[in-house]
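# Coordinates in review
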Amino acid sequence: MSASPDQSRYAGLRAQAEVLDGEDSLRHLRNEFLIPSHADIQRKTLGQEDRSGNADHTDEAKPCTYLCGNSLGLQPKRTATRIQQYLGTWATQGVQGHFKPLEDSPLPTWLDADARAASLIAPIVGADESEVAVMQTLTANLHLLMSAFYRPDPNGRHKIILENKAFPSDHFAVLSQIRHHGLSPETSMVTIESPFSEDPVISTYDIQSLISKHAADTALIILPGIQYYTGQLFDIPTITAFAHKHGIFIIWDLAHAAGNVSLSLHDWDVDAAAWCTYKYLNGGPGCIGGLFIHSRNSLVTTTIADENPERGYGNRLSGWWGNDKGTRFAMQTKFHPVKGAAGFQLSNPSILDITSLSASLEVFGLAGGMKALREKSKKLTAFLENCLAHMSEEARALVRTITPSDPEQRGAQLSLMLNDGLLSSTLKVLEERGIIVDERKPNVIRVAPAPLYNSFQDCLTFAEGLEAGLLAAQTSPQI
Ligand SMILES: Cc1ncc(COP(=O)(O)O)c(C=O)c1O
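Residues numbered from 1 in each chain as written. Predicted model: local features only at pLDDT ≥ 70, side-chain atom pairs only at ≥ 80, totals over all residues. Heavy atoms only, no water.

### Description of the pairing of strand β12 (residues 414-418)
Among the five residues of β12, five are classified as buried, and the element is accordingly described as predominantly covered. Burial along β12 is two-sided: the residues L414, L416 and L418 and S415 and M417 are all buried. As judged from the three bridges shared by strand β11 (residues 399-401) and β12, these two strands associate in the antiparallel manner. Residue R400 lies in a different strand from β12, and its bridge partner there is M417. Where β12 meets strand β15 (residues 444-447), four bridges bridge the pair, whose relative direction is antiparallel. The residue bridging S415 from the neighbouring strand is R446, located in β15. (Buried < 20%, exposed > 50% of the residue type's maximum accessible area, 1.4 Å probe, protein only. Helix = DSSP H or I, 4+ residues; strand = E, 2+ residues; numbered from the N terminus. Pairing = 2+ DSSP bridges.)

### Some details on the packing of helix α14 (residues 423-432) against helix α15 (residues 456-475)
Packing of α14 against α15 brings their axes to within 8 Å, and their N-to-C directions diverge by 135 degrees. As the angle between them shows, α14 and α15 are arranged oblique. Classified by chirality, the crossing of α15 by α14 is right-handed. In contact with S425, T426, V429 and L430 of α14, α15 contributes F462, G465, L466, A468, G469, L470, A472 and A473. For the contact of α14 with α15, the per-class residue count stands at eight nonpolar, four polar and no charged. (Axes fitted to C-alpha atoms, helices over the stretch in contact; angles between N-to-C directions. Parallel < 35°, antiparallel > 145°, perpendicular 65-115°, else oblique. Left-handed = near helix turned anticlockwise from the far one by under 90°. Contact = heavy atoms within 4.5 Å. Nonpolar A, V, L, I, M, F, W, Y, C, P; charged D, E, K, R; others polar.)

### Topic: the environment of K245
Within the secondary structure, K245 sits in helix α9 (residues 236-245). Placed 172 residues apart in sequence, K245 and G73 show a C-alpha to C-alpha distance of 37 Å.

### Quick notes on the sheet that holds strand β9 (residues 272-275)
Taken together, the seven strands give an open sheet; going across it, the order is β4-β10-β9-β8-β7-β5-β6, and neighbouring strands pair in mixed fashion. Sheet topology places β4 (132-134) and β6 (189-192) at the edges, where each strand pairs with a single neighbour. Averaged over all pairs of adjacent strands, the angle between their axes in this sheet comes to 20 degrees, without regard to strand direction. In this sheet, strand β8 (residues 249-253) lies alongside strand β7 (residues 218-224) in parallel orientation, the contact comprising five bridges. The partner of L223 across the bridge, within β8, is W252. Sitting on the sheet, helix α8 (residues 204-214) is in contact with β5 (159-163), β6 and β7, with an inclination near 155 degrees to β6.

### Quick look at the site of the ligand
With respect to spatial proximity, the complete set of residues near the ligand consists of L138, T139, F167, D170, D253, A255, H256, Y278 and K279. Out of a free accessible area of 400 Å², the ligand has 83% covered by protein chains. (Near = heavy atom within 4 Å. Areas by Shrake-Rupley, 256 points an atom, 1.4 Å probe, with all protein chains shown as cover.)

### Section: the pattern of salt bridges
This model, assessed by the stated rule, comprises 19 salt bridges. The shortest N-O distance in the salt bridge between E32 and R78 comes to 3.1 Å. Placement of the pair is E32 in the loop between α1 (11-23) and β1 (33-34) and R78 in helix α3 (residues 77-93), with a sequence separation of 46 residues. A salt bridge links R446 to D438, with the nearest nitrogen and oxygen atoms 2.5 Å apart. For the residue pair R446 and D438, the accessibility class agrees, reading buried in each case. Each of the salt bridges in this network shares a partner with another, and the network as a whole consists of E32, R78, R82 and E362. (Salt bridge = Lys/Arg side-chain N within 4 Å of Asp/Glu carboxyl O.)

### Quick look at helix α6 (residues 168-180)
Taking 1.5 Å as the rise per residue, α6 with 13 residues should run 18 Å; its terminal C-alpha atoms sit 18 Å apart, in good agreement. Residues of α6 that are buried make contact with α5 (138-149), β5, α7 (185-188), β6, β7 and β8. Just past α6, the residue G182 takes up positive phi, approximately 75 degrees. (Expected span 1.5 Å × (residues − 1).)

### A word on the nonpolar core
Judged by nonpolar contacts, the single largest core of 65 residues is most densely connected at W252, L254, L265, W275 and L452. There are two domains that each give this core at least three residues, and those are domain 1 (7-73 + 372-475) and domain 2 (110-356). Apart from residues no more than four positions distant in its own chain, L452 is found in contact with L29, R30, F33, N282, V363, F364, A367 and L373. (Core = buried A, V, L, I, M, F, W, Y, C linked by side-chain atoms within 4.5 Å. Domains from an automatic or database assignment.)

Here's what the structure looks like:
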């Protein structure tokens, strides 16, 4: 175990954390989650102990400090209950589970499970229920959106603008869409980069300048709501309005924004967006994704005979689950989509996934919505920042925060860039102290206090651990 930093430097913060945790009106929600214990994160077996958190009060049984909701959110306790209820329905009802409501079940019929999940997620992203579909996975949904809304004209608008450090999956998706249309990424792909090599943050001005430069021949923009590496929150309404001013369709990747910051996708006039549900939405690893399509982009007529590309849906990639519920089981071969985003569904969704996601979305309901969560989140991240500022001068010289300091330009996450060669030794010390964060090689630690289950004390524990880790790493750097 590494040497502990000077405890007296943190005394004031310890008292402050206690007060802030005591005043936190959402603190009871932590008890909705299963937080791995110190023993859990060291173990090499599955372990079969009581996971209620009440079994044992030894240090080893104490919860770890989990600050990794930006990568994989923790498991809500009610997820197991809801999945058991789903398994029970399947066991006792078989195929009838699709249509037959059970009087004592909190779960919808499987036929209605997608719509129910959409209604739970709509307020989280600031959309009308009909504008949201719970379906597929993030990258697949980006492809589906592009297949419907990227219609390049080689002699007119054909370019896609994205950031030069986009999450690789988004980059690959854009590359492959361009090639799929017989175009070349060299001429049709434009990337935005930060003008400063030492500061990866991209300003709204930089984005607008690039859009202006390529406005005449750009068909589509894809940007992240929150940049996965830096934690920067982009100004979604301003950039969306600017894209529209230039006649460009814009898709937002909200992987790191959904369930993290307040979103008003409908009111911001966002064209379309997609997200995953395993980060701040706590749906579970690889859980079903979601997408938003503004109502003006998913208009359908009521007459089947009107199917045609000009009316906005003939060109979308389609499957039977996108067909109107009323005629879905009539097995006709005339595609007539459900109105709204649900009309973009392809297959009948995994009810196991939707059950897991919906269980977690119930917890968001208990929080009273995103406004309260975001308020707590801002306080938590500001407190984390303050704790980091209290590290010794020696430790502070070994790390810098690359996330914007303005709370309006970030969500929960702070990304910390360590001096070269310090990452693995620092992470080792953090792990020894039962602190779980996320690393981006070669030298970034992403740390995200999630307001549903993290405490102010967690932020302080991390700062103390980071100081110890950095100082230990400095004496044995690994290049
Ligand atoms: C910003 C971003 N885009 C895309 C992806 C890929 O998501 P998926 O594997 O669910 O398609 C991720 C995954 O973490 C992500 O963070």
